[in-house]
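# Report on the structure
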Amino acid sequence: MTLYPKLIRDALSQVIYPGTKKNLVESGMVADNMRIDGMKVSFSLVFPRNTDPFLKSTVKAAEAQIHYSVSPDVEVNITTEFKSAPRPEVGKLLPDVKNIIAVSSGKGGVGKSTVSANLAIALAKLGYKVGLLDTDIFGPSMPKMFGVEDARPYAVHVDGRDLIEPVEKYGIKLLSIGFFVNPDTATLWRGGMATAALKQLIADADWGDLDYFILDTPPGTSDIHLTLLQTLAITGAVIVTTPQKVALADARKGIDMYVNDKVNVPVLGLIENMAYFTPAELPENKYYIFGRDGGKKLAEEMGVPLLAQIPIVQGICESGDDGRPAACNVDSVTGQAFLNLAQSVVTVTNRRNKEKPKTKIVQVNNK
């Protein structure tokens with residue numbers, strides 16, 4: 001006797017799958033990987049999920065039908081696969097996330113990632129459910145700052161989809177492209193590859209129920225920012241600057257990126273980082289080494305709140321390098337500064353949600 005695919009498919013068309021009340025062929029459950037070797041046949045049956053209550057009985061019925069309709073001498077090997085539910089469309093992503101906050105800066109070197117990490121931890125200290133996404137595809141820093149460089153997120157099956165499980169540390173759900181690339185190798189990706197990776201970290205991860213989803217964005221304005229604006233309805237942005245004139249000039253551009261007519265994302269406020277230097281042994285002394293109140297004056301000029309003036313303390317750098325951000329210790333000068341910042345962000349976010357309509361996702365016309 002010679003086996004061929006039609007014989008096997010005809011047999012499988014006699015097996016009814018209880019989930020659809022149709023046969024296996026009509027239900028599209030016979031995978032396109034059938035292999036025949038003499039009297040051996042192997043193929044896969046595709047089920048909606050791995051917890052399908054009819055899985056075992058359907059596999060047994062398929063095997064029995066082949067033996068009955070074709071030959072009892074056929075050696076049958078049936079494996080199982082599972083459908084992955086489609087990614088939700090834009091506008092329906094992250095349904096259980098209440099507030100999405102973009103932490104942005106006009107230029108690099110102003111401590112934006114340090115602020116993002118500490119803000120997230122401080123919000124968690126206040127009792128909120130917090131997620132943090134490192135959106136800097138080309139220069140990820142969060143794995144180092146949280147001391148989880150060796151972490152490798154795994155997949156979980158949720159509602160018919162295989163999703164990335166964020167790493168958890170200090171009460172924060174954390175994801176970064178840094179978990180998936182060699183930290184010692186430059187990420188040489190074209191813009192399309194970077195934005196596709198970013199969308200995966202947003203849409204194909206199990207972020208779950210969050211009060212605050214913090215986006216640590218790259219410095220400046222780029223494809224990454226546009227992708228975020230086209231993918232998520234961002235509740236508001238906070239802009240990080242230093243008191244220096246060059247940083248303030250770039251901060252203006254950062255503010256304009258969000259408030260221009262095509263974007264319309266509310267700027268919740270401005271954070272002046274490195275506002276002054278305070279020696280650990282002289283905590284009452286303040287030395288304005290980068291200028292004084294530059295961020296405060298810019299906030300007044302642009303009509304946005306000044307959320308915090310974060311001092312320079314040696315421990316901020318050391319704690320970030322050691323994987324334990326300053327906000328972990330709320331009794332320290334900087335820990336208290338970041339806790340105050342978190343409380344300010346909660347206040348301005350609540351006010352924004354009461355007074356302004358929900359942000360719309362940016363639509364881009366490619367014509």
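Keep in mind it's a predicted model, so treat the numbers as computed, not measured. Sequence order as written defines the numbering, with residues in each chain counted from 1. Per-residue local features are limited, in this predicted model, to residues with pLDDT of at least 70; the limit for side-chain atom pairs, both in listing and counting, is 80 or more; totals at the level of whole chains, interfaces and linings are taken over all residues. As a rule here, side-chain values come from all non-hydrogen atoms in the structure, and water together with hydrogens is ignored.

When helices and strands are tallied, the protein shows 10 helices and 15 strands. Taking 367 residues into account, the globule formula puts the C-alpha radius of gyration at 21 Å, and the protein, at 27 Å, lies well above it. Once the C-alpha set of the protein is aligned to its principal axes, its extents read approximately 90 × 45 × 40 Å. Counting only residues that meet the buried cut, the protein has 49% of its 367 residues in that class. What makes two residues a contact is simply this: any of their non-hydrogen atoms within 4.5 Å. Taking the intrachain contacts of the protein between residues at least 6 apart in sequence as the baseline, contacts between residues at least 24 apart amount to 73%. Carbon and sulfur atoms provide 50% of the accessible area of the protein, an area that totals close to 18400 Å². Treating the 40 positive side-chain charges of the protein as one cloud and the 40 negative ones as another, the clouds have centres 6 Å apart. Helix and strand assignments come from DSSP, with helices taken as H or I runs of at least 4 residues and strands as E runs of at least 2, each series counted from the N terminus. Only C-alpha atoms enter the radius of gyration; for comparison, a globular chain is expected to reach 2.2 Å times N to the power 0.38, where N is the number of residues. Think of it in three bands: with a 1.4 Å probe and only protein chains considered, a residue is buried below 20% of the maximum accessible area for its type, exposed above 50%, and partly exposed in between. The method behind every accessible area is Shrake-Rupley, applied with a 1.4 Å probe, and residues are considered shielded solely by the protein chains displayed. The convention is simple: Lys and Arg are positive, Asp and Glu are negative, and His and the chain ends are not counted. To locate a charge, take NZ of a lysine, CZ of an arginine, CG of an aspartate or CD of a glutamate.

Ordered in space as β3-β4-β5, the 3 strands form an open sheet in which the pairing is mixed. A single partner strand is all that each edge strand has here, and the edge strands are β3 (35-37) and β5 (75-82). On average, each strand axis in the sheet is tilted by 20° relative to the strand beside it, whichever way the strands run. The angle between two axes is taken between their N-to-C directions and runs from 0 to 180 degrees, where each axis is a line fitted to C-alpha atoms and a helix contributes only its stretch in contact. The strands touched by helix α2 (residues 55-69) are β4 (40-47) and β5; relative to β5, the strand with the most contacts, the crossing angle is about 150°. One requirement defines pairing of two strands: DSSP has to find at least two bridges between them.

Here the focus is a nonpolar patch on the surface. For patch building, the residue pool is restricted to those with more than 30% relative accessible area and no salt bridge; the joining distance is 9 Å between like charges and 5 Å between nonpolar side chains (Val, Leu, Ile, Met, Phe, Trp, Tyr). Salt bridge, as used here: a side-chain nitrogen of Lys or Arg that lies within 4 Å of a carboxyl oxygen of Asp or Glu. A cluster of nonpolar side chains, Phe277, Leu282, Tyr287 and Ile289, forms an exposed patch at the surface whose accessible area comes to about 360 Å². Along the polypeptide, Ile289 turns up in the loop between β14 (267-277) and α8 (294-302).

The buried count for β14 comes to 9 of 11 residues, which makes it a mostly enclosed element. Here strand β13 (residues 236-241) pairs with β14 via 5 bridges, running parallel. Bridged to Val238 within β14 is Gly269. Assignment of crossover handedness uses the view with strands pointing away from the viewer, where a clockwise path from the first strand over the helix to the second indicates a right-handed crossover. This β-α-β element, β13 to helix α7 (residues 245-259) to β14, shows right-handed connectivity. Taking the sense of rotation as the criterion, the β-α-β connection linking β14, α8 and strand β15 (residues 306-312) turns out right-handed.

Okay, the packing of helix α1 (residues 5-12) against α2 next. Put simply, α1 and α2 touch, their axes get as near as 9 Å, and they point 120° apart. Classified by the interaxial angle, the pair formed by α1 and α2 is oblique. Handedness of the crossing formed by α1 with α2: right-handed. For the pair α1 and α2, the contacting residues are Ile8, Ala11 and Leu12 in the first and Ala62, Gln65, Ile66 and Ser69 in the second. Angle categories are assigned with fixed cut-offs, so that under 35 degrees is roughly parallel, over 145 is roughly antiparallel, 65 to 115 is roughly perpendicular, and the rest are oblique. In a left-handed crossing the near helix is turned counterclockwise from the far helix by less than a right angle, and in a right-handed crossing that turn is clockwise.

What follows concerns the packing of aromatic side chains. Under the pairing criterion, centres of Phe, Tyr and Trp rings, with the six-membered ring standing for Trp, must be within 6.5 Å; the plane angle then separates stacked pairs below 30 degrees from edge-to-face pairs above 60, leaving the rest tilted. Throughout the structure, instances matching the rule amount to 7 aromatic pairs. Measuring from ring centre to ring centre gives 5.4 Å for Tyr128 and Tyr212, while their planes differ by 85°; the resulting arrangement is edge-to-face. One end of the pair, Tyr128, is in the loop between α3 (112-125) and β7 (130-134); the other, Tyr212, is in strand β12 (residues 210-216), with 84 residues separating them in the sequence. When the ring of Phe146 is compared with that of Tyr170, the centres are 5.9 Å apart and the planes differ by 40°; the resulting orientation is tilted. Of this pair, Phe146 sits in the loop between α4 (142-145) and β8 (155-158) while Tyr170 sits in the loop between β10 (167-169) and β11 (172-176); the two residues are 24 residues apart in sequence, bridging distant segments of the chain. Relative accessible area serves as the criterion here: at 0%, Phe146 is assigned to the buried category. Members of the aromatic cluster, connected to one another through ring pairs, are Tyr17, Phe47 and Phe54. Directly above the ring of Tyr276 sits Lys286, whose terminal nitrogen or CZ lies 4.7 Å from the centroid. Over a ring means this: the NZ of a Lys or the CZ of an Arg is within 6 Å of the ring centre and within 35 degrees of the ring normal.

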